[in-house]
Amino acid sequence: MRIRATVAAVSGALALSALVVPAAQAAGSAPATGTSGTPYTLDVSFSNYKIASAIKVGTTNKVSTKVTYTLTHGSAVDITASDFYTDPFLYRGSFDAPDKELYGDNPATCTATSSTTADCTATIDIYPADGDLVNADAGSWKAAAEAVAFNGQDQSNPDMSKVGYKDQDGLGSTLLQRYSKLTVNAGPEPVAKGKTLTATGKLSRANWEDGLYHGYTNQPVKLQFRKAGTTTYTTVKTVYSDSYGNVKTTTTANYDGYWRFSFAGTSTTPAVNAAGDYVDVQ
């Protein structure tokens, strides 16, 4: 759902230049043109905004992240009306002229907690296979919310002076990250005690532009070991991925146990651990 349109300066005041009706309501109707009048500022505000600290997005699957917030409204605002909508969204750049925005497929569901407050829940839905993102979009995004009351107006061509609208930024932030993968293969198997063990693997991450996974280059990756019968991994050494994302190192084998590579993550790419590879030491 997108109810926030491009916000443009009209006669020195901020006004909506367009509104898009929620998909469930919009079948067979055109977007509102907003050519008549200027919307008034709806008497609502948003607080207690909660969203995941990071959202991991791969190359094909839809990713939905839950958002909750408190909606506070004036007594004259009927949030139970069929043409009242509110939803959260993410944006990059400035609030009034964002570089990109991300919304959910549906408006928030709100449950009144008093005569002037409600708890709202929604999702922000991301479709990487449909071109929602490019690689440069990875990193920090700002969180906001909005609400609109059509007040019985024809949503395909309303008198905008009778439509109330409010959006609010500064509610939070999240990291949008390119999903990462990490492999390991340790050998030989079995290996003689005190002899050299070689671990190889690859660190890769989602490319949102071609839908594939490519090596993440020049990144610190830890070689870790967990002795058989224990539950904790210990870092043995740190190495760096090469220009293809490949990782390779050697160490001395002394005990039976599991070897893995571990990547701590960056602002654009989440942390990931390879599944442990068991090596028998004889």
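Report on the accompanying structure. Just so we're clear, the structure is a prediction, and the values are computed from it rather than from any experiment.

### Things to note about the environment of Asp 119
And step 1. For Asp 119, the position within the fold is in strand E10 (residues 117-126).
And step 2. According to the relative accessible area criterion, Asp 119 is partly exposed, its value standing at 40%.
And step 3. Distance in space between the C-alpha atoms of Asp 119 and Thr 68 is 7.3 Å, their sequence separation being 51 residues.
And step 4. Look past the residues within four positions of Asp 119 in its chain and what remains in contact with it is Tyr 69, Thr 70, Thr 109, Cys 110, Thr 111 and Thr 113.

### Considering the packing of aromatic side chains
And step 1. Inspection of every chain in the model, using the stated rule, returns 10 aromatic pairs.
And step 2. Ring geometry for Phe 89 against Tyr 103: centres 5.1 Å apart, planes inclined by 20°, an arrangement best described as stacked. With Phe 89 in strand E7 (residues 84-93) and Tyr 103 in the loop between strand E8 (98-102) and strand E9 (109-112), this residue pair connects regions lying 14 residues apart in the sequence.
And step 3. Under the relative-accessibility criterion, Phe 89 is labelled buried at 0%.

### Describing the state of the cysteines
And step 1. For the coordinates displayed, the defined rule picks out 1 disulfide.
And step 2. Across the disulfide from Cys 110 sits Cys 120; the S-S distance is 2.1 Å. With the S-S bond torsion at 110°, the cross-link from Cys 110 to Cys 120 turns out right-handed. On the criterion of sequence distance, the pair formed by Cys 110 in strand E9 and Cys 120 in strand E10 is long-range, its members being 10 residues apart.
And step 3. Taking relative accessible area as the criterion, Cys 110 reaches 27% and is therefore assigned partly exposed.
And step 4. Take Cys 120: its relative accessible area is 1%, and that puts it in the buried class.

Rules used throughout
Residues numbered from 1 in each chain as written. Predicted model: local features only at pLDDT ≥ 70, side-chain atom pairs only at ≥ 80, totals over all residues. Heavy atoms only, no water. Helix = DSSP H or I, 4+ residues; strand = E, 2+ residues; numbered from the N terminus. Buried < 20%, exposed > 50% of the residue type's maximum accessible area, 1.4 Å probe, protein only. Contact = heavy atoms within 4.5 Å. Phe/Tyr/Trp six-rings, centres within 6.5 Å; stacked < 30°, edge-to-face > 60°. Disulfide = S-S within 2.5 Å.

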